[in-house]
Amino acid sequence: MRKIIILVLFLGITSCGIFGGDFPMTAFIVKNTSEKPISFTASIIKHSQIMGAHEISNSFTVKPNDSIIVRQTYFSKDGENPQAWFKTFNIFPVEGIEMNDPNKAENWKKSVTKSQPVYVFTINK
């Protein structure tokens, strides 16, 4: 009986949109439109049952005229402040290239690809 109740609760939660409809899998992409590689570090808060909430940082290098997926997670379909997914976002300066601010929501451009929301941050101006 307990297993049936758990199954019904799980199906109820998933059908309400928590894992799909209102919170679809969303990609956060960083794009480099310059002729030089640009490096940065980004950190997020990860929640774990074993370790609790903890910060994880990764370093990235975006090749010239290329882009990379920095994060994929469930995010509200009508979500605001996509930059809030990153606790820190530090761009390493490159001579002769002016950078955009990753902490401003307006610098993350939203589009939808195959019903998946995508936020693209162009790292350079």
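Residues numbered from 1 in each chain as written. Predicted model: local features only at pLDDT ≥ 70, side-chain atom pairs only at ≥ 80, totals over all residues. Heavy atoms only, no water.

J.: Please explain the sheet that holds strand β5 (residues 88-91) as it appears in this structure.
T.: Two orientations exist for strands paired in a sheet by backbone hydrogen bonds: parallel and antiparallel. Strand order in the open sheet formed by three strands is β3-β2-β5, with antiparallel pairing between adjacent strands. A single partner strand is all that each edge strand has here, and the edge strands are β3 (52-62) and β5. The average angle at which neighbouring strand axes cross in this sheet is 15°, direction not considered. By the bridge criterion, eleven bridges tie strand β2 (residues 38-48) to β3 in an arrangement that is antiparallel. Counterpart to K46 in the pairing with β3 is H54. (Pairing = 2+ DSSP bridges. Helix = DSSP H or I, 4+ residues; strand = E, 2+ residues; numbered from the N terminus. Axes fitted to C-alpha atoms, helices over the stretch in contact; angles between N-to-C directions.)

J.: Help me out: how do you make sense of the environment of I45 in this one?
T.: By the element assignment, I45 lies in strand β2. The partly exposed category is assigned to I45, whose relative accessible area is 34%. Taking the C-alpha atoms as reference points, I45 and K87, 42 residues apart in sequence, are found 6.8 Å from one another. Excluding residues that lie within four positions of it along the chain, I45 makes contacts with A53, H54, E55 and K87. (Buried < 20%, exposed > 50% of the residue type's maximum accessible area, 1.4 Å probe, protein only. Contact = heavy atoms within 4.5 Å.)

J.: I'm lost on the pattern of salt bridges in this one. Help?
T.: Close approach of charged atoms lets side chains of opposite charge pair. Across all of its chains, the model carries one salt bridge by this definition. Note that E98 is salt-bridged to K125, the shortest N-O span being 3.3 Å. Of this pair, E98 sits in the loop between β5 and β6 (108-113) while K125 sits in the segment after β7 (116-122); the two residues are 27 residues apart in sequence, bridging distant segments of the chain. (Salt bridge = Lys/Arg side-chain N within 4 Å of Asp/Glu carboxyl O.)

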